[in-house]
Amino acid sequence: LTSTGAGSPPAFEDASGGAWAVKTSGTVSSVANLDITGISKWTQIRLFNMRSTSGSGDVFFRTSSDNGSSFDSGASDYDYSRDQIGFQGTTQNASSVSTVGHPYSSTTEDDCMIIVDIPNPTGTSYTIFKWQMIHADGGDSTPTLYRFGMGIRASSADVDAFQIGVASGAFSASYIVTELN
C-alpha cells in the first residue's frame, strides 16, 4: 500500500526491496555436511526432516571466507551460547561452548528441524548467527527438546559460505535457503 499524494486514495504497488527471496532449496541424503555458498545478504537456512542415516553426534556450524573451499573448524574459531527446554520442563544454559548441541541421534525415526539466521555475513566485523532447533524423539509423538542460541565467528572476516554438519555419521534432510533483498 503506497501513497499517491494528498487527497488521493492509496495504491497497491510492489514496494521494492525488503522481501525474502528463495536462494536455493533441495534435499540431501547421507551427507556429513550441508554447505551453503555465495551468501552476501541476510540469510536464513531451514533444515527440516533431518534424520540420521548413520552415527550420532553434535551438530556444528562453520563459516568460510573463500566461498566454501575451506571452513574454519578450530576450537577457538567460534563462541556459542545456548539454552534448551526439555519436554518435561527441564532447562539448561551453556555459554562458551564449542558446538551448538546434540539433538542428533542414531535413531533413524528421530526428527530434527534447524533454523539459522546470519544477519550480516559480509560485514567487516565479527559474523554473528542465531539458531533454533526442535528435536522430536521418533518413539514419541511430542517434541522432546527445543534448543536455541547464538554464535559468533571469533575473528573478523567477509563470510560468504556457511556449513551445517554433524560431528560423526551422516544425515538426510530437506532444506530451503532464503535471503533478504
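Residues numbered from 1 in each chain as written. Predicted model: local features only at pLDDT ≥ 70, side-chain atom pairs only at ≥ 80, totals over all residues. Heavy atoms only, no water.

1. Observations regarding the nonpolar core
Counting 26 residues, the largest nonpolar core has Leu47, Phe61 and Val116 as the members making the most contacts within it. When residues of this core are traced back to their parent elements, those giving at least two are strand S2 (33-37), strand S3 (43-54), strand S4 (59-64), strand S5 (78-86), strand S7 (111-118), strand S8 (128-136), strand S10 (161-166) and strand S11 (170-180). Once residues lying within four places of it in the same chain are set aside, the contact partners of Leu47 are Leu34, Cys112, Met113, Ile114, Ile164, Phe171, Ala173, Ser174 and Tyr175. (Core = buried A, V, L, I, M, F, W, Y, C linked by side-chain atoms within 4.5 Å. Buried < 20%, exposed > 50% of the residue type's maximum accessible area, 1.4 Å probe, protein only. Helix = DSSP H or I, 4+ residues; strand = E, 2+ residues; numbered from the N terminus. Contact = heavy atoms within 4.5 Å.)

2. As for the environment of Met150
In this structure, Met150 sits in strand S9 (residues 143-153). As a C-alpha pair, Met150 and Phe129 span 21 residues in sequence and 5.7 Å in three-dimensional space. Residues contacting Met150, with those up to four places away along its chain left out, are Asp79, Tyr80, Ser81, Phe129, Lys130 and Trp131.

3. Let's talk about the pattern of salt bridges
Per the stated rule, a full pass over the model turns up two salt bridges. Measuring nitrogen to oxygen at the nearest pair gives 2.4 Å for the salt bridge that ties Arg153 to Asp72. Within this pair, whereas Arg153 is found in strand S9, its partner Asp72 is found in the loop between S4 and S5, the two being separated by 81 residues in sequence. A relative accessible area of 4% places Arg153 in the buried class. The residue Asp117 makes a salt bridge to Lys130 at a minimum N-O spacing of 3.3 Å. Of the two residues, Asp117 is situated in strand S7 and Lys130 in strand S8; the sequence distance between them amounts to 13 residues. Of the residues examined, Asp117 reaches a relative accessible area of 6% and is grouped as buried. (Salt bridge = Lys/Arg side-chain N within 4 Å of Asp/Glu carboxyl O.)

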